[in-house]
Amino acid sequence: MRVVFGVVMAVAAVVGLAPVASAGPVSASEVRQVCARDLYVRATAAGVVIGTLYAGDNFDVQRYSPSRQWVFGHAYGNVHQDGWVQNGWFC
């Protein structure tokens, strides 16, 4: 079962469906580059979409949700406003 899951995740990563592992833990107050094909910026963690970042756009990390699954900060690119993104999609 683990082998199947690993193969599925590897294939998903190649086609851009799985989160890209970051080089290490993202620390607060750090500008990070988005590695995902596209990444939704939301008004609240898991909330309404207010914009989309694309690969190569930057996100200024300011704080994390208690679960660390969501990151709050300033989205650059075409969004140019504060919001939440799912963690794990940074280079």
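Up top is the structure these notes are about.
Attention in this report is confined to the structure presented alongside it. Predicted, not measured: the structure shown is a model, and the values here were computed from it.

1. So, the overall build of the chain
- Summing up its helical and strand segments, the chain has one helix and six strands in all.
- Listing the helices and strands of the chain from first to last along the sequence gives α-β-β-β-β-β-β.
- When burial is assessed residue by residue, the chain has 35% of its 91 residues classed as buried.
- The long-range share in the chain, meaning contacts at least 24 apart out of those at least 6 apart in sequence, stands at 46%.
- In the form shown here, the chain has an accessible surface area of approximately 5500 Å², with 60% of it arising from carbon and sulfur atoms.

2. A look at the state of the cysteines
- If you walk through the whole model with that rule in mind, you get one disulfide.
- What pairs with cysteine 35 in a disulfide is cysteine 91, and their sulfur atoms sit 1.6 Å apart. Taking the torsion about the sulfur-sulfur bond, which here is approximately 125 degrees, the covalent link between cysteine 35 and cysteine 91 counts as right-handed. Placement of cysteine 35 in the loop between β1 (30–33) and β2 (38–42) and of cysteine 91 in the segment after β6 (81–86) is noted, with a sequence separation of 56 residues between them.
- With a relative accessible area of 35%, cysteine 91 lands in the partly exposed category.

3. Focus on the pairing of β2
- One ladder, built from five bridges, connects β2 with strand β3 (residues 49–54); its direction is antiparallel. By the bridge assignment, leucine 39 is partnered in β3 with leucine 53.
- Two successive antiparallel strands, β2 and β3, enclose a turn made up of six residues, where alanine 46 displays a positive phi of approximately 65 degrees.

4. Overview of the pattern of salt bridges
- Scanning the entire structure with this criterion turns up one salt bridge.
- Between arginine 32 and glutamate 30 there is a salt bridge whose closest N-O contact spans 3.9 Å.
- By relative accessible area, arginine 32 is classed as buried at 9%.
- Here glutamate 30 falls in the partly exposed class, since its relative accessible area comes to 26%.

Conventions we followed
Residues numbered from 1 in each chain as written. Predicted model: local features only at pLDDT ≥ 70, side-chain atom pairs only at ≥ 80, totals over all residues. Heavy atoms only, no water. Helix = DSSP H or I, 4+ residues; strand = E, 2+ residues; numbered from the N terminus. Buried < 20%, exposed > 50% of the residue type's maximum accessible area, 1.4 Å probe, protein only. Contact = heavy atoms within 4.5 Å. Areas by Shrake-Rupley, 256 points an atom, 1.4 Å probe, with all protein chains shown as cover. Disulfide = S-S within 2.5 Å. Pairing = 2+ DSSP bridges. Salt bridge = Lys/Arg side-chain N within 4 Å of Asp/Glu carboxyl O.

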